[in-house]
Amino acid sequence: MSLAARRATTRIAWRQAKLAKWRSLLIVAMIGLPITALVAAGIIAVTITPSPEERALGERGNADFTIHTWDKSSLTADDVVALLPPGSEAVVRRSWYVDTVVGGTLRSALIADAAIDDPLLGPMYRLVSGRAAEALDEIAVSPRVLEQFSVSIGDRISLGPEARTFRIVGEVIAPERLRESLGLVAPGALDDLDGLDDFRGEMGWAVTEIFVNVPGVTGWHAIAMLPQDDRIGGFGGETDESGLELAITGIALGVAALVLIETGLVAAAAFVVGAHRRLRTVGLIGAAGGEPRHVRHVLLTTGAVLGLVGSLTGIAAGIGIAWLVSPHLDRLAGRITGGTEYPLVLLIGALLLGTIAATLAALAPARAASRIATVDALDGRTPAPRPPGRLARRGLVAVALGSVATVWGTATGHDPVLTSGLVAVLIGFLVTIPLLVAGVGRMATRLPLSLRIAARDTARHGRRTSGAVAAAVVALAVPVMVATITLSNDARHYAEPMLADDQLLVDVPDPTSIEDSEPFLEELESEVFPEATLATFAVAFFGEGPDPGPGGYGDEWYPASVTGPLRQGDDGSAGATGAMLHVGDADLLGALHAEAYADDLVAGRAVVFDAEVIDGEIVHLEERPSEAGTWPDRMDLPAVNADAGLFRPGYLPGVVISPERAAELGLHRASWEEILLRAAGPITHDQLERARAVAARYPGAHVTALADTIHGDNALRNGALALAAASALAIVGVAVALVSAESRRDHAILTAVGAGPGTRRKVVGGSALLLAGLAGVVAVPTGFIPVTLIQSATNEGYPIIVPWFAVAVVIVGVPVVAGLIAAAVSRRPPAARLLRPIA
Amino acid sequence: MTAVLELRNATRVFGSGHTEVDALVDASLVVDTGELIAVMGPSGSGKTTLLSLAGGLDYPTGGSVLVHGADLADLSMAELAKLRRHHVGYVFQQFNLIEGLTAAENVALPLELDGVARRPARAAARAALAAVELDGLEDRVPQDLSGGEQQRVAIARAIVGERSLLLADEPTGALDSLTGENVLRLLRRHCDGGGAGVLVTHDARFAAWANRIVFLRDGRIVDEAAGLDDPAALLPGSTP
């Protein structure tokens, strides 16, 4: 095409787009809105996400890496520093994780001994006001600590159960961790926290780290410079998160593309209407000597121009939203973002995405318009649409093949095959829509007058109707999918609960001294569960020396565990299931519904509640490794299988032995115990609420029941349904408006022959109801079948739940609401429109 | 005189079976340089079909259509479009102009579609508009032009670039008699200046401006008559 012809056709496209300003505005909005969301979300995400350099500064300042684990029985921190390559810079930092009760509430804080002006550690902190700690009893704290402890600069702050006191001399933040409750003390101020290294006790938990900078190298290469020494392990350095970032970017682009496909389908409907309304122009171009490519160019240029305008509008709006939100980004990110970033790649990508989407939306209408004979176009005639039957048959074939690919891809783990299968299923359902639309027209004779007119209109304008219905199908299929997945997951959780319905896990304020919690337990029993059984259980340990306390273990203490036999997985790999060994008595077995195995327990057998752990009539106890890094020996213990499928071990013990048996094996029972309560029957909601009320009166007390272990996804289901319904209503609204614009003459004739305003409203409402109903009918199998196929292929034996509520909303609720809204907002055109021929 | 347009037993049938319609049957017609031929007949007699065949907008089912000796059946769609850009101009009853384009842009359209650069195309358009006495209105859009002015713009587009064959389908149908008279004068002037034209009309007063009048009924040419030497005599108030 010559440049002159291209200019001429572009001119026609631009001028005609300006003339049809409402239709053009609709297309601009369809493209602009998702671009706005993409750009705004992208700018915010890029701004709040730290770069690898920022992350490194936040984690280790200017150090190349940290050393946080070494054999402290033979090496001090200074010994480790002495082993570093010559010229290395090193700083030792102690961090004290301390819990303090403040006004009845437990507050946690991280106290570190670091100088703010230290070359390595300095970039990790920033002084906001006051000064840094210099004396050993001084501290600079973060704003969160000031708030939580209700203190200010100049006050004294007491930390930990022993109320270690410091004087607050300044306010400090960690720029990459603004939400942290942080305190900085002078170097050496925490050196007297003996016995706290890597253990958790009443005083808290202390960690010593060495920050190292090796001259001439950076990052992980510096670690390679260290001399090999088995006593030193546990390094912290740069992490490669490029894979995660790529995945996040891919997901974001995928979501944006999906939304643009949705809006593109609606925009395509608008382009079809535009082409039809400009049929005369198409004919005039042909009569003036234009060829089909000139006609195509006009429509494609319209798409490209509107897409460009929409994209630019969306980008501007997205930047505007990001700018408005920018004052809050630091708080949102929990770090100092250092100003909003406007990545050029994102902006250019959004521009291209929106422009291409709109151009693609105009492609089919452009090709169709270019194929219309000039004579027909001059007369305003469009060729009869192709029979939809052949296309629908191909669609059903695509659904079948896609289903096979989905199952095969899921079973074998081939993601490209799975993805292709899902796409084929979706497209297959979408291409059956024209057949349904045509069917609506055929069944119209059986309908009342208004619905009959609406059905005929829907079928007559099938080209633009099908696109909008397809867009609504995609929207409505999502909540069906979400509901199927979440309901099936909930059913799975109920099929394998973490607790039986009559069990309650009780956390007491001090698990190392159950006796001190007697008042709480007595109140719980007397007020809520008068006939309950209470039992305690604790982890079994190989160990010597003092008990390390809850959460603590190390070289001296080693939790005992058992493993089951090797089993082959679906992917061919072999593995064994393991479980911690617990110490308990007959009361515990009663609480675990295993009273029948009390004799076995007394006889020294291990009572097993996870069938995958038992190997015939034995379990394999892993003994304590003789040397670090070597495989432990195994001892076979006689065992009995008590797995009745009432609960899945996790919260509850998987394997129980008696205290006597533990002693025979040289095992210790941990000093911190857990309590299991078995009620006389299923715990009701009222009982659970009363139990929570009792626990609230004892700081640190907590109860957990079955309902607490199942995180229902009602919010997700209902949210997806509401969002999809709103989207579908908007799409159907646009489609009905487009169809109504095309049917103006018909409606004017209705008015002229005496139809009342109610008739037109019923016709418009009927159109909306039919469009939304069609979309719902297709959306249900589109959303349900792929999920069912995938879940069947991966979760054999788990129930597939039909999301009846979502189905009802999609098939009945949305169409009815659409019909009512459309009928309510439709206006009667004046009969004078009849006199004006359509140009 | 050389034949600009020739129909040789041209036939056009639409549909098939019980929906078959003989829109034009065995129509033979020759239009020479300088001739204006009027085509008259009742609605559905095939007038528009004849015009569509003459301009290559449609293919005959039988017979042949020649423009400047070239059989249109031998031409591809692209060649037919080129024919319309170079040799054939159309004028319709109404809605001739592309909304949003100015008068000059509408007139220049065939030239620009043919690859003529903007400046020379606009110059030619201005000359054509001057020929139809519309100088000064080049930058008006169709909404700002009267019906008669729009028709004259359409005529200007039909004759721009030295196109020889002008096909007009009821060009005066939506105009008052005086305005229609002016349109006919332009058509007559074009033919007298070396072009040729085919005018479809219901109005005998305007048909009288033609050199010959051809009568169609049920798709067939049933009669032919000569036009008036002085069609202006048919003006209101004059005696025919």
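Worth saying up front: this structure is predicted, and the values here are computed from it rather than measured.

### Focus: the packing of aromatic side chains
Here is step 1 of the chain: A full pass over the atoms with the stated rule returns one aromatic pair over all chains.
Here is step 2 of the chain: Both rings, one in Tyr90 of chain B and one in Phe92 of chain B, keep their centres 5.5 Å apart while their planes meet at 10°; by these two values the pair is stacked. Each member of the pair, Tyr90 of chain B as well as Phe92 of chain B, carries the same accessibility label: buried.
Here is step 3 of the chain: Directly above the ring of Phe92 of chain B sits Arg280 of chain A, whose terminal nitrogen or CZ lies 5.1 Å from the centroid.
Here is step 4 of the chain: Sitting above the plane of the Phe206 of chain B ring, Arg205 of chain B keeps its charged end 5.3 Å from the centroid.

### Brief notes about the interface of chain B and chain A
Here is step 1 of the chain: The interface of chain B with chain A comprises 31 residues on the first partner and 27 residues on the second.
Here is step 2 of the chain: Across the chain B to chain A interface the summed buried area is about 2,400 Å²; carbon plus sulfur atoms make up 63%.
Here is step 3 of the chain: The interface formed by chain B and chain A includes four salt bridges.
Here is step 4 of the chain: Residues Glu291 of chain A and Arg85 of chain B are paired through a salt bridge, measuring 3.2 Å at the closest nitrogen-oxygen approach.
Here is step 5 of the chain: Counting residues per element, the ones that place at least two in the side of chain B that touches chain A are α2 (77–86), α3 (103–113) and α4 (118–131) of chain B.
Here is step 6 of the chain: Broken down by element, the side of chain B that touches chain A gets its largest block of residues, five residues, from α3 of chain B.
Here is step 7 of the chain: Among the residues making up the side of chain B that touches chain A, the classes are represented as 14 nonpolar, seven polar and ten charged.

### A short note on the confidence of the model for chain B
Residues and elements named next belong to chain B.
Here is step 1 of the chain: Across chain B, the average pLDDT comes to 86, with 94% of residues at 70 or higher.
Here is step 2 of the chain: At the level of individual helices and strands, chain B shows its lowest average pLDDT in α2, which scores 86, and its highest in strand β3 (residues 36–40), which scores 94.
Here is step 3 of the chain: Among the scores for the predicted complex, ipTM is 0.79 and pTM is 0.70.

### Concerning a negative patch on the surface
Here is step 1 of the chain: Taken together, the side chains of Glu515, Asp516, Glu518 and Glu522 of chain A make up a negatively charged region of the molecular surface.
Here is step 2 of the chain: Following the sequence through the fold, Glu518 of chain A ends up in helix α18 (residues 518–527).

### Brief notes about helix α27 (residues 804–825) of chain A
All names here are of chain A.
Here is step 1 of the chain: With 22 residues, α27 extends 31 Å from end C-alpha to end C-alpha; this agrees with the ideal 32 Å at 1.5 Å per step.
Here is step 2 of the chain: Of all the bends in α27, the largest measures some 35° and sits at Val810.
Here is step 3 of the chain: If you check which residues of α27 are buried, you get Ala806, Val807, Val810, Val814, Pro815, Ala818, Gly819 and Ala822.

### With respect to the environment of Pro292 of chain A
Residues and elements named next belong to chain A.
Here is step 1 of the chain: Mapped onto the fold, Pro292 is located in helix α9 (residues 292–325).
Here is step 2 of the chain: Residue classification places Pro292 among the partly exposed positions, given a relative accessible area of 32%.
Here is step 3 of the chain: Sequence separation between Pro292 and Ala373 is 81 residues, and the spatial gap between their C-alpha atoms is 9.2 Å.

### Observations regarding the packing of helix α15 (residues 433–442) of chain A against helix α26 (residues 757–794) of chain A
All names here are of chain A.
Here is step 1 of the chain: Two numbers describe how α15 lies on α26: the axes approach to 11 Å, and their chain directions differ by 135°. Taken together, the axes of α15 and α26 lie oblique to each other. Seen along the crossing, α15 lies across α26 with a hand that is right-handed. Packed against α15, whose contacting residues are Ile433, Leu436, Val437 and Val440, the element α26 presents Leu770, Leu774 and Val778 at the interface.
Here is step 2 of the chain: Of the residues belonging to the contact of α15 with α26, the class tally is seven nonpolar, no polar and no charged.

### Things to note about the sheet that holds strand β7 (residues 165–169) of chain B
All names here are of chain B.
Here is step 1 of the chain: Strand order across the open sheet formed by six strands is β6-β7-β8-β3-β9-β10, with mixed pairing between neighbours. The outermost strands of the open sheet, each flanked by one partner alone, are β6 (88–91) and β10 (220–226). Recorded for the sheet is a direction-independent mean angle of 20° between the axes of neighbouring strands.
Here is step 2 of the chain: Both β6 and β7 contribute to a ladder of four bridges, which runs parallel. Along β7, the bridge assignment pairs Val91 with Ala168.
Here is step 3 of the chain: Each of β3, β7 and β8 (196–200) is contacted by helix α6 (residues 177–192), which is oriented at about 150° to β8, the strand it contacts most.

What counts, and where the lines are drawn
- Note that residues are indexed from 1 along each chain, following the sequence as it is written.
- The order in which chains are written sets their letters, starting at A; the order in which ligands are written sets their numbers, starting at 1.
- Local features in this predicted model are restricted to residues of pLDDT 70 or higher, and side-chain atom pairs are both shown and tallied only at a pLDDT of 80 or more, whereas totals for entire chains, interfaces and linings draw on every residue.
- Side-chain figures throughout are based on the complete set of non-hydrogen atoms in the structure, without hydrogens or water.
- Under the pairing criterion, centres of Phe, Tyr and Trp rings, with the six-membered ring standing for Trp, must be within 6.5 Å; the plane angle then separates stacked pairs below 30 degrees from edge-to-face pairs above 60, leaving the rest tilted.
- Residue exposure (1.4 Å probe, protein chains only): buried if accessible area is under 20% of the type maximum, exposed if over 50%, otherwise partly exposed.
- Charge-over-ring contacts are defined here by two conditions on Lys NZ or Arg CZ: a distance within 6 Å of the ring centre and an angle within 35 degrees of the ring normal.
- Any two residues having at least one pair of non-hydrogen atoms within 4.5 Å are treated as being in contact.
- Buried area: the accessible surface (1.4 Å probe) lost by two parts on joining, summed over both.
- Only one rule defines a salt bridge in this text: a Lys or Arg side-chain nitrogen within 4 Å of an Asp or Glu carboxyl oxygen.
- Here a strand is any run of E in DSSP of at least two residues, a helix any run of H or I of at least four, and the numbering for each starts at the N terminus.
- Residue polarity is assigned by list, with Asp, Glu, Lys and Arg as charged and Ala, Val, Leu, Ile, Met, Phe, Trp, Tyr, Cys and Pro as nonpolar; anything else, Gly included, falls into the polar class.
- Per-residue confidence from the predictor is given as pLDDT, running between 0 and 100.
- Patch definition: residues above 30% relative accessible area lacking any salt bridge, with like charges linked at up to 9 Å and the nonpolar side chains Val, Leu, Ile, Met, Phe, Trp and Tyr linked at up to 5 Å.
- Surface exposure here means Shrake-Rupley accessible area, sampled with a 1.4 Å probe, where a residue is shielded only by the protein chains that are shown.
- For the charge count, each Lys or Arg is scored as positive and each Asp or Glu as negative, with His and the chain ends excluded.
- Every charge is mapped onto a representative atom, which is NZ of Lys, CZ of Arg, CG of Asp or CD of Glu.
- Expected helix span is computed as 1.5 Å times (number of residues minus one).
- Bend at a given residue is defined as the angle between two axes, one fitted to the seven residues that end at that position and one fitted to the seven that begin there.
- Note on geometry: axes are lines fitted to C-alpha atoms, helical ones only across the stretch in contact, with angles between N-to-C directions running from 0 to 180 degrees.
- Under this scheme an angle from 65 to 115 degrees is roughly perpendicular, one under 35 degrees roughly parallel, and one over 145 degrees roughly antiparallel; angles in between are oblique.
- Each crossing gets its handedness from the near helix: less than a right angle anticlockwise from the far helix is left-handed, clockwise is right-handed.
- When DSSP finds at least two bridges between two strands, those strands are taken to pair.

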